[in-house]
Amino acid sequence: MNLSFSAIEDLSARIESVRAEHAARFPGPAAGRQPVHTVYVPADRFSRSTPAEFGAEALRLLNTHTPGDGSFGGAFGLDPELAGTVRQRVAAKLASEPVEDVRIDFEDGYGTRSDAEEDGHAAQVVEAVATAYEAKTLPHYWGLRVKSFTDGGHERAMRTLDGFLTALRDRLGRLPGGFTITFPKIVAAEQVALFTEYLDGLEEALGLPSGILRFEVQIETPGSVIDADGRSGLRAIADAGQGRITAAHFGVFDYTAALGLPPQEQRLDHPACDFARHLMQVTLAGTGIRLSDGSSNVIPRNDGPDEVNQTWAVHAAHVRHSLSHGFYQGWDLHPAHLPSRYAAVYAFHLDGVDSVIGRVRAWHEQAASGSGVLDEPATIRALTGRLRRAVDCGALDESVLPPAD
């Protein structure tokens, strides 16, 4: 070596500093299960039985309009060889866990009410959540969407969240796991910083552990994608959350409307939405902040087969579009969305799954024997992640997963 030991030591220390700083800002993917959807329910319509009611209605629609494997495969455009397996597993999912994540909505889906009315609905939601929790019927993930700081609803948002958490603490003595707050319509990272500061104070006042109140941000304004200085707004939003942000959800309709797209072009698969989603992916990759796509606003106007099948066709196509772009979660707004959500997700995971399992197992065997690999490690991580997601949502059984290293 031609460089002195002290020179190498100095460079090594600086390299380690860069590595440590990068690891702090980009800790890697989030651990644990990611839901395939978030179901939004207006606060005044939420009860302890809402998730089960969504599942029962979805299963009724499934059995009424796709009573057999052939009709099911035709409705969702599935390979005939997959249709029977997918239908069986979708029906089982709708009967056992129709809603993986529910968001009780005090924002757009709820509207503006008097303080007395919103206070009353918040109290009703406390009782509904508490009784569902005690009956073990609360979805794995759940939470509230509060009003936007952008639209002047900041005081109402803080009042609702404070009142809800205070009453739930008094009712149950604890905060059930899986709780997430949705923070909508961000136009500047400073709003996220202020919300984070509010949560710090709320935790202290309620005697909650520091950092337990986590939230997801809604990326649904041009200013949250490109900020006022022409830079990506997403990194500043992530930093402003100070580790509390669990996910970034794309808001299709506010975003496309803000861009001036005509109503008929305000849709999840518009190229303008792809642009925003790709910026979200590039900016937030490795941060531990999960990504979720938005919703389809098409719902059946009645129970007729034309209406239901049209809803399913549009919604399933949107779900497949999200999946192909690496967005494994989305929003659902109606019981009719559940069959098409799970049909599209399960078909996505099961198509070619035997090949995926074989590649992962072969890579592990060759890596262990020192005889080389078939795929790059990054590819194997992606394939393993796909299998894990398939197991988590019920598309596959746990037994199919290759043994961990």
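Keep in mind it's a predicted model, so treat the numbers as computed, not measured.

A closer look at the overall build of the protein chain
At step 1: The number of helices and strands found in the protein chain is 15 helices and eight strands.
At step 2: A compact globule built from 405 residues would reach a C-alpha radius of gyration of about 22 Å, and the protein chain, at 23 Å, matches this within 12%.
At step 3: For the protein chain, the C-alpha atoms occupy an extent of roughly 80 × 55 × 45 Å along the three principal directions.
At step 4: Within the protein chain, counting contacts between residues at least 6 apart in sequence, those at least 24 apart form 76% of the total.
At step 5: On the protein chain, the mean spot of the 37 positive side-chain charges and the mean spot of the 54 negative ones are 3 Å from each other.

Describing the pairing of strand β6 (residues 245-250)
At step 1: Judged by how many residues are buried, β6 sits mostly within the fold: five of six residues are covered.
At step 2: Examined bridge by bridge, strand β5 (residues 215-219) and β6 share five bridges and lie parallel to one another. Each bridged residue has a counterpart across the sheet, and for Gln218 the counterpart in β6 is His249.

Brief notes about the sheet that holds strand β7 (residues 290-292)
At step 1: Pairing is parallel across the open sheet formed by eight strands, whose spatial order is β7-β6-β5-β4-β3-β2-β1-β8. Of all strands in the sheet, those bounded by a partner on one side alone are β7 and β8 (330-332). With strand direction ignored, the average angle separating the axes of adjacent strands in the sheet is 30°.
At step 2: Bridge count for strand β1 (residues 37-42) against β8 is three bridges, and the pairing is parallel. If you follow Val39 over to β8, its bridge partner there is Asp332.

Observations concerning the domain arrangement of the protein chain
Accessible area lost upon the coming together of the parts serves often as the stated size of an interface.
At step 1: In terms of domain boundaries, the protein chain breaks down into domain 1 (29-351) and domain 2 (354-404).
At step 2: Between domain 1 and domain 2, the C-alpha centre-to-centre distance is 29 Å.
At step 3: Counting residues at the interface gives twelve residues for domain 1, matched by eight residues for domain 2.
At step 4: Summed over both sides, the interface of domain 1 with domain 2 buries roughly 950 Å², with 53% coming from carbon and sulfur.

Remarks on empty space enclosed by the protein
In this approach the atoms are scanned with a rolling probe the size of a water molecule, which exposes any empty space left behind.
At step 1: Here the structure, examined in full by the defined rule, presents two cavities of 30 Å³ or more.
At step 2: The calculated volume of the largest cavity comes to roughly 50 Å³.
At step 3: Together, Leu268, Gly294, Ser295, Ser296, His315, His318, Val319, Ser322, Gly330, Trp331 and Arg341 line the largest cavity.
At step 4: Only α12 (305-324) and β8 provide two or more residues apiece to the lining of the largest cavity.
At step 5: Looking at the lining of the largest cavity, the element that brings in the most residues is α12, giving four residues.
At step 6: Approximately 30 Å³ is the volume found for the second largest cavity.
At step 7: Lining the second largest cavity are Val217, Ile219, Leu234, Ile237, Ala238, Ile245, Ala248, Leu284 and Ile289.
At step 8: Counting residues per element, the ones that place at least two in the lining of the second largest cavity are β5, α9 (234-240) and β6.
At step 9: The class makeup of the residues in the lining of the second largest cavity is nine nonpolar, no polar and no charged.

Some thoughts on the environment of Glu307
At step 1: You can see Glu307 is positioned in helix α12.
At step 2: On the basis of relative accessible area, Glu307 is assigned to the buried category, the value being 16%.
At step 3: Once residues lying within four places of it in the same chain are set aside, the contact partners of Glu307 are Ile299, Pro300, Arg301 and Asn302.

Thoughts on the nonpolar core
At step 1: Core analysis: the largest hydrophobic core is formed by 105 residues, its most contacted members being Leu161, Phe164 and Phe179.
At step 2: The leading source of residues in this core is helix α13 (residues 337-350), at eight residues.
At step 3: Aside from chain neighbours lying at most four places away, what touches Leu161 is Leu144, Val146, Phe179, Ile181, Phe195, Tyr198, Leu199 and Leu202.

What to know about the pattern of salt bridges
At step 1: Applying the stated criterion across every chain, the model contains 40 salt bridges.
At step 2: Here Arg103 and Asp101 are joined by a salt bridge, their closest N and O atoms 2.9 Å apart. Asp101 carries the same exposure label as Arg103, and that label is buried.
At step 3: Salt-bridge contacts for Arg156 lead to Asp119; the nearest nitrogen and oxygen are separated by 2.6 Å.

A short note on the pairing of strand β2 (residues 101-105)
The two faces of a sheet get side chains in turn, since along a regular strand they alternate between them.
At step 1: Counting buried positions over the five residues of β2 gives five, a clear majority of the element.
At step 2: Burial along β2 is two-sided: the residues Asp101, Arg103 and Asp105 and Val102 and Ile104 are all buried.
At step 3: Pairing geometry for β2 and strand β3 (residues 141-145), over five bridges, is parallel. For Ile104, the partnering residue across the bridge sits in β3 and is Leu144.

Thoughts on unusual backbone geometry
At step 1: A positive phi is found at Lys136, a non-glycine position, where the angle reads about 60°.
At step 2: Positionally, Lys136 belongs in the loop between α5 (115-134) and β3.
At step 3: Residue classification places Lys136 among the exposed positions, given a relative accessible area of 76%.
At step 4: With phi around 50°, Gln242 is a residue other than glycine that occupies positive phi space.
At step 5: Relative to the assigned elements, Gln242 resides in the loop between α9 and β6.

Cut-off values and rules
Residues numbered from 1 in each chain as written. Predicted model: local features only at pLDDT ≥ 70, side-chain atom pairs only at ≥ 80, totals over all residues. Heavy atoms only, no water. Helix = DSSP H or I, 4+ residues; strand = E, 2+ residues; numbered from the N terminus. Rg over C-alpha atoms; globule rule 2.2 N^0.38 Å. Contact = heavy atoms within 4.5 Å. Lys, Arg positive; Asp, Glu negative; His and termini not counted. Charge placed at Lys NZ, Arg CZ, Asp CG, Glu CD. Buried < 20%, exposed > 50% of the residue type's maximum accessible area, 1.4 Å probe, protein only. Pairing = 2+ DSSP bridges. Axes fitted to C-alpha atoms, helices over the stretch in contact; angles between N-to-C directions. Domains from an automatic or database assignment. Buried area = accessible area lost by both parts, 1.4 Å probe. 1 Å grid on protein atoms, 1.4 Å probe; cavity = no way out; pocket = protein on both sides within 12 Å on 5 of 7 lines; lining within 4 Å. Points joined across faces, edges and corners; volume = space filled by probe spheres on them. Nonpolar A, V, L, I, M, F, W, Y, C, P; charged D, E, K, R; others polar. Core = buried A, V, L, I, M, F, W, Y, C linked by side-chain atoms within 4.5 Å. Salt bridge = Lys/Arg side-chain N within 4 Å of Asp/Glu carboxyl O.

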